[in-house]
Every structure is written in C-alpha cells, then in structure tokens.
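Close look at the chain arrangement
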Amino acid sequence: MVDLSPLRDAIIDGNAKMAKALTDQALKEGTDPQSIVTTYLIPAMDEVGRRFECNEYFVPELLIAARAMKGSMELIRPLLVKGGVQPIATVAIGTVKGDLHDIGKNLVASMLEGGGFTVVDLGVDVAPEKFVASVQEKGVNIICLSALLTTTMPAMKDTIAALNSAGLRGKVKVMIGGAPVIQRYSDEIGADGYSDNASSAVQLARKLAAAA
Amino acid sequence: MSTPSSLWQGPVADGPDFTRNLGAMLAGGRSARPTLFEFYHNVPLIRRIAGDRPGEPDYVREIRAWAALGYDHANLGARNGFCFKAGDRHRDRSISLNEGAVISDRDSCERYPWPQVEALDWSYLDIAAAALVPGQVLMASGPGGVLENVISLVGFERLCELISDDPDLVQHIVDRVGSCLLAYYQRVAPHPGVGLLMSNDDWGFKTQTMLSPRQMRRFVFPWHERIVAAGHAAGKPVVLHSCGNLSPVMDDVIDGLKYNGKHSYEDGITPVEEAFSRWGSRIAILGGIDVDYLCRSPIAEVHRRTAALVAAADGRWAAGTGNSVPEWVPQESFLALIDAGVGGRPRVRHAA
C-alpha cells in the first residue's frame, strides 16, 4: 500500500482541499477504501482528539480537521457501502427535548464519524420518541444525549425511560454530556456513560460498542 | 440555619455602600461587610422584592430590588436599543449558536446595519441614576461582548471556518463589533451614576475556551483591553462576566486585560471555592454558587456553602450565583444564598 501520510497530516492540519485531493488520487490508484479509513483517517482524527484533550488543539482546529475528514469520507463512503463494510457501531445523537444548543452535539458527531462510527444526527430539540424510533428503524446501537441546561437535563432521564418502556434499553447503550452534566447525574439516571468532551466521547463509544 | 416560612424577611436595614464594600473589593482590598454580586434576576423575583409602581420603568423597579436585597450595585444594560441584531433563531430554553447568522462574507459585513452609538438616546442613564439610593451605583453592562456578538452575527462553526479560510475578514468583523462596544463603554463610563462596568462576553466551553488562547489574544482580547482601559480612564472598575472554562486565559484576564473582577463559575468546570483559591488574591471573585447546584440542592445546604465561603473569604468574595437568576432557580434557594451572603446584616421586617 502506498504511503498516505500526507493525507493523515492534511486532516490533522485541517487542510480540506489537500485531504480530498489525496483521497481522490489514492482511490484512483486502487487503494482499498477501508484501509484508507482505518490506516489514515481514523488515526488522524484520534491524533486530533489527543491534541484536543491536552489543549494543544481547540474547538476551531477540531472542526476544521473534521471538515477535512468529511471531505475525504464523501469520496470513500459510497465505496464502503458498495463493499458492504460495517461500521464499528451506529450512533444516534441529538440535543434533548426543549434544548436547541448544538455545538457540543455537532462536535461529538464529527468526532464519532471520524472515529469510524456511522452517525445518525437527529438534530436539536429531539423528543424521546425520536430516539426510540431511531433504534427501531435504523438499528442504532448507541444513543448520545446532549443538554445545555439544568432545565433540559431531565429529558435525558425521560429518554432512558422511553427506551425502557419500548423494551429497547437492553439493546442500546446511552451516553450523555453537556455543560451541567456530571458523572453523578449519569449514574443517577442510569445512563451507560458520561463524557465531558468530544474526544473522550469517542473513547467511551468504542468502549460501549465493544461491550455491546 | 433557622427555617422561617420564607427567607425573604424584608430589605436589609443598612443601605448600599459601594465605596466601602464591593468597590473596595474591586480595588484590591476587602469589603467592610459581607456583600453580594449578581448579573441579573428574573422578573417575578424582582416583582416579589420590589412590587409594582404604576408608570415606573422596569429598570427603576430593578434598581429598588437590588438595593432591598443587599447589593451595593444594580445592573443596567443598554436601554436605548443598542445591540447587534442577528437573524431569527428558534427559541426554547436554549438557543443554537449557529442559527441566525447574517454575515458570511465582506459584502454582507458591509451591508450590515452597524449601530450608530453616538446617535442613541442616553437619557435612561439619568433616569436610572436618579433612582439610586445613597451609596448605590449602577453597573453598566453590554449587549453581549465582542466574541458573543461576532458569534451571533457569523455563527460559531462558520466563524471557526473563517478563522482558517479568511482571518482578515474575521479581524474586520471583530473590529466593527469591538469599536461599537468600545464607543458604548466610553459613553457610559463617565456618567456619575455608573460605579462600575461589566463586560459580559462568554468565552468558554466546559473543558476549554471557545477559540484557542492564541486566537483569543489575536482577535478578542485587544478590544477587551481597550474596554477595560476606558473604564479605568473614567476611574471605574471593570468586571468580566464570562461563562465556561477560562483557565487557559485567566492570566491574560488578570495581568494582560487588567480586569478588576471575574464573574461566572460552574461546579462542573471550576467550583468557586477553587477559583477563589487559585485567583482570589489577584482578582475579585464575584458570585459563583453554581446555578445547577442552586436548583438541585437542599436550601440548608445552599445556605451552609455560601456562609462557609463568606467566612473563609473574609471580605474578598461577593456572594452570588455562578451566572444569573433565571426563573427556574427556586426563589427560596436563591434567598438562602442571599441570607448567607449578607452575613446576618439586619433586615427591616415586613409589617405583614
């Protein structure tokens, strides 16, 4: 396999134009699309996450890197689908009912996508029933719930209750995050995990996917 | 703590005394007696404390309520329409920082109707100043700050892209916003009723600043430095209200920008006790009892925590919430904070 280190570097640097050009070139030269993802794209986003966690990178750098990664994935995804390649897991993510804040949710979605997950972004102000439907209709394995406010946090508990009522709680893992959310709250409402940033959310999702 | 049927027992008996208390703290000294700090209170609470007087402007009612609760100051935002109008946003209990953007390039920046600060009517300042009780001062706050308003006009994710793709345009937009805000603070700072300025500009997420410290120093901080200088030139202290994790830039806030006080703390980021321990000797720590904690903790626990910090800070902390007092904060929990925060100052009991 050809050395695509410049692709990895382009994503880490957030150079979307370069990342897309290198991906296009690699695919035209017959490089296996799955190996591009596992050997270059996921490690690149893992490195971005590492830099983010140690405050070398901040949200703007993370978003720009995610944009570069998405550009590459646009070229690769159709080929993965055609080849029947399975993602690590399918994640449904949304900001809970009553809450319109979307930055944290978008960051986690981007990082999960870069981490090899298929992401179903349900958007903001998402009712518990929509999360339930995502499990029933899209084969979702992990649900990510985001909330900005004390007053919207109870919707996380409501969503878990709705999954219980639908008999789906055993089939899906639930992870939560957001400004007022802490581990104790995650424990109180029976979530499977809590993360305080987008990078550690990927680690948590991998752990939960492996345990599923 | 005693548990009366309501913790609202009436206004504090001793009136405000900004110079000896909050003002002394902001000057680097100690408050002569326990004092308070807040950004804003919800309207039902204000009505409960101050009642309604026919024909009275809402900000005059607020000024009466702040004094009754025991503050040395009363917050006063711009009441003359000064703001940076963005596009429509869906509204619920929170908002999206990506919605409502109106500037995407140079053309839309030039077409934007930038506020003409000097053309605005400033008579509200005189009306507000006339409502102050002796010893009380106005805290002039802004319609959001430099970064908040740039995000509102551009959208956060688009701003991040522009910083990478067209940093000169970002600088241009920041300069337009910053110059309007500076003109506002230069206008209000010398007013005799204004005792301090608040520059209110949220900068942080839960684990770090919204932009990198390098980007903050390049785009945002130069305007904050000028705003603080405008306050100081008028002999007024300036406090920063900024939510989120500011740890990476607190040295800039204190030593570079020269803010006198810092407000807004969250238990999930830096609990106020930790903030006091880390920075309390260098800048006044204002408020900080976490709003989520305030909503979900027993009243007696709120009282105990507040009283403990009042005692430990010995005149170097002004009691208050970590952010503000929206309607969802239980009033009795907030009044427990106030009761402990004024440290047993006597109250004028209601006749009823």
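A quick note: this is a predicted structure, and the numbers were derived from the prediction, not measured.

Assigned secondary structure in chain B consists of 14 helices and seven strands. In terms of C-alpha radius of gyration, chain B reaches 20 Å, essentially the compact-globule figure of 20 Å for 352 residues. C-alpha extents for chain B along the principal axes are approximately 60 × 45 × 40 Å. For chain B, the residues scored as buried account for 51% of the 352 residues in total. Pairs at least 24 residues apart make up 76% of the contacts formed inside chain B by residues separated by at least 6 positions.

All names here are of chain A. The domains assigned to chain A are domain 1 (5–82) and domain 2 (90–211). A separation of 25 Å is found between the C-alpha centroids of domain 1 and domain 2. Tallying the contact residues gives 12 residues for domain 1 and 12 residues for domain 2. Residue assignment for the side of domain 1 that touches domain 2 shows that the elements contributing at least two residues are α3 (33–53) and α4 (59–82). Tallying contributions element by element places α3 first for the side of domain 1 that touches domain 2, with seven residues. Its residues assigned to classes, the side of domain 1 that touches domain 2 comprises 10 nonpolar, one polar and one charged.

A separate point is the interface of chain B and chain A. The interface is formed by 29 residues belonging to chain B together with 27 residues belonging to chain A. Breaking the side of chain B that touches chain A down by element, the ones donating at least two residues are α7 (156–165) and α12 (291–296) of chain B. Looking at the side of chain B that touches chain A, the element that brings in the most residues is α7 of chain B, giving six residues. Grouping the amino acids of the side of chain B that touches chain A by side-chain chemistry returns 12 nonpolar, 11 polar and six charged.

What follows covers helix α9 (residues 213–233) of chain B. When the local axis directions of α9 of chain B are compared, the greatest deviation, roughly 55 degrees, occurs at Val 220 of chain B, which is followed within four positions by the proline Pro 222 of chain B. Buried within α9 of chain B we find Gln 215, Met 216, Phe 219, Val 220, Phe 221, Trp 223, His 224, Ile 227, Val 228, Ala 230 and Gly 231 of chain B.

Moving on to the environment of Asn 15 of chain A. Residue and element names in this part refer to chain A. Relative to the elements of secondary structure, Asn 15 occurs in the loop between α1 (5–13) and α2 (16–28). Measuring from C-alpha to C-alpha, the distance between Asn 15 and Ile 64 comes to 7.7 Å, with 49 residues separating the pair along the chain. Leave out the neighbours within four places in its chain, and Asn 15 touches Ala 10 and Ala 68.

For chain B, the mean per-residue pLDDT works out to 93, and 95% of the residues sit at or above 70. For this predicted complex, the interface confidence reaches an ipTM of 0.84, while the overall pTM sits at 0.87.

Our next topic: the sheet that holds strand β2 (residues 137–141) of chain B. All names here are of chain B. Read from one edge of the open sheet, seven strands run β1-β2-β3-β4-β5-β6-β7, paired in parallel fashion. Every other strand in the sheet has two partners, leaving β1 (73–76) and β7 (317–318) as the edge strands with one partner each. Pairing of strand β6 (residues 284–286) with β7 involves two bridges; the strand directions are parallel. When the sheet's bridge partners are listed, Leu 286 is paired in β7 with Ala 318.

Attention shifts here to the sheet that holds strand β3 (residues 142–146) of chain A. All names here are of chain A. Strand order across the open sheet formed by five strands is β2-β1-β3-β4-β5, with parallel pairing between neighbours. Because the sheet does not close on itself, it has two edges, and the strands there are β2 (118–126) and β5 (193–194). Both β3 and strand β4 (residues 173–177) contribute to a ladder of five bridges, which runs parallel. Paired with Ser 146 across the two strands is Gly 177, which belongs to β4. In this fold helix α9 (residues 198–211) packs onto β1 (90–96), β3, β4 and β5, with an angle of close to 165 degrees to the strand it touches most, β4.

A few words now on the nonpolar core. Among the nonpolar cores identified, the biggest contains 181 residues, and Ile 11, Leu 62, Ala 65, Val 91, Leu 112 and Met 156 of chain A together with Val 150 of chain B are the most heavily contacted of them. Considering every element that reaches this core, the biggest residue donor is α4 of chain A, with 10 residues. Inspection of this core shows a minimum of three residues originating in each of domain 1 (5–82) and domain 2 (90–211) of chain A. Sequence-distant contacts of Leu 112 of chain A, defined by excluding residues within four places in its chain, comprise Val 91, Phe 117, Val 119, Ala 201, Val 202 and Ala 205 of chain A.

Okay, the packing of helix α6 (residues 128–138) of chain A against helix α7 (residues 154–165) of chain A next. All names here are of chain A. One way to put it is that α6 packs onto α7 with a least axis distance of 8 Å and a crossing angle of 45 degrees. On the basis of their axis angle, the class for α6 and α7 is oblique. Our pair here, α6 against α7, has a crossing hand that is right-handed. The segment α6 lies against α7, with Pro 128, Glu 129, Phe 131 and Val 132 engaging Asp 158, Thr 159, Ala 162 and Leu 163. Per-class residue counts for the contact of α6 with α7 are five nonpolar, one polar and two charged.

As a further point, take unusual backbone geometry. A positive phi is found at Asp 125 of chain A, a non-glycine position, where the angle reads about 55 degrees. With respect to the element layout, Asp 125 of chain A can be found in strand β2. In the Ramachandran plot, Asp 314 of chain B falls in the positive-phi region, its phi being about 50 degrees despite a non-glycine side chain. Position of Asp 314 of chain B among the secondary structure elements: in the loop between α13 (299–313) and β7. On the basis of neighbour count, Asp 314 of chain B is assigned to the exposed category, with 10 C-beta atoms found within 10 Å.

Bringing the environment of Gly 195 of chain B into the picture now. Residue and element names in this part refer to chain B. Among the secondary structure elements, Gly 195 is positioned in strand β3 (residues 194–200). Gly 195 gets classed as buried once you count the C-beta atoms within 10 Å, which come to 25. Here the alpha-carbon distance between Gly 195 and Ala 140, two residues 55 residues apart in the chain, equals 8.2 Å. If sequence neighbours within four positions are ignored, Gly 195 has contacts with Phe 18, Gly 23, His 73, Val 137, Leu 138, Met 139 and Lys 236.

Okay, the packing of helix α3 (residues 58–69) of chain B against helix α5 (residues 123–131) of chain B next. Residues and elements named next belong to chain B. Axis separation between α3 and α5 bottoms out at 9 Å; the angle between their running directions is 30 degrees. In this view, α3 runs roughly parallel relative to α5, as classed from their interaxial angle. When the axes of α3 and α5 are compared, the crossing they make is right-handed. Here Tyr 59, Val 60 and Ile 63 of α3 lie close against α5, whose contacting residues are Ile 127, Ala 128 and Ala 131. Class assignment of the residues belonging to the contact of α3 with α5 gives a composition of six nonpolar, no polar and no charged.

Parameters at a glance
- Residues numbered from 1 in each chain as written.
- Chains lettered and ligands numbered in written order.
- Predicted model: local features only at pLDDT ≥ 70, side-chain atom pairs only at ≥ 80, totals over all residues.
- Helix = DSSP H or I, 4+ residues; strand = E, 2+ residues; numbered from the N terminus.
- Rg over C-alpha atoms; globule rule 2.2 N^0.38 Å.
- Buried ≥ 20, exposed ≤ 12 C-beta atoms within 10 Å, placed from the backbone.
- Contact = placed C-beta atoms within 7 Å.
- Domains from an automatic or database assignment.
- Nonpolar A, V, L, I, M, F, W, Y, C, P; charged D, E, K, R; others polar.
- Bend = angle between axes of the 7 residues up to and from the residue.
- pLDDT = per-residue confidence, 0-100.
- Pairing = 2+ DSSP bridges.
- Axes fitted to C-alpha atoms, helices over the stretch in contact; angles between N-to-C directions.
- Core = buried A, V, L, I, M, F, W, Y, C linked by C-beta atoms within 7 Å.
- Parallel < 35°, antiparallel > 145°, perpendicular 65-115°, else oblique.
- Left-handed = near helix turned anticlockwise from the far one by under 90°.

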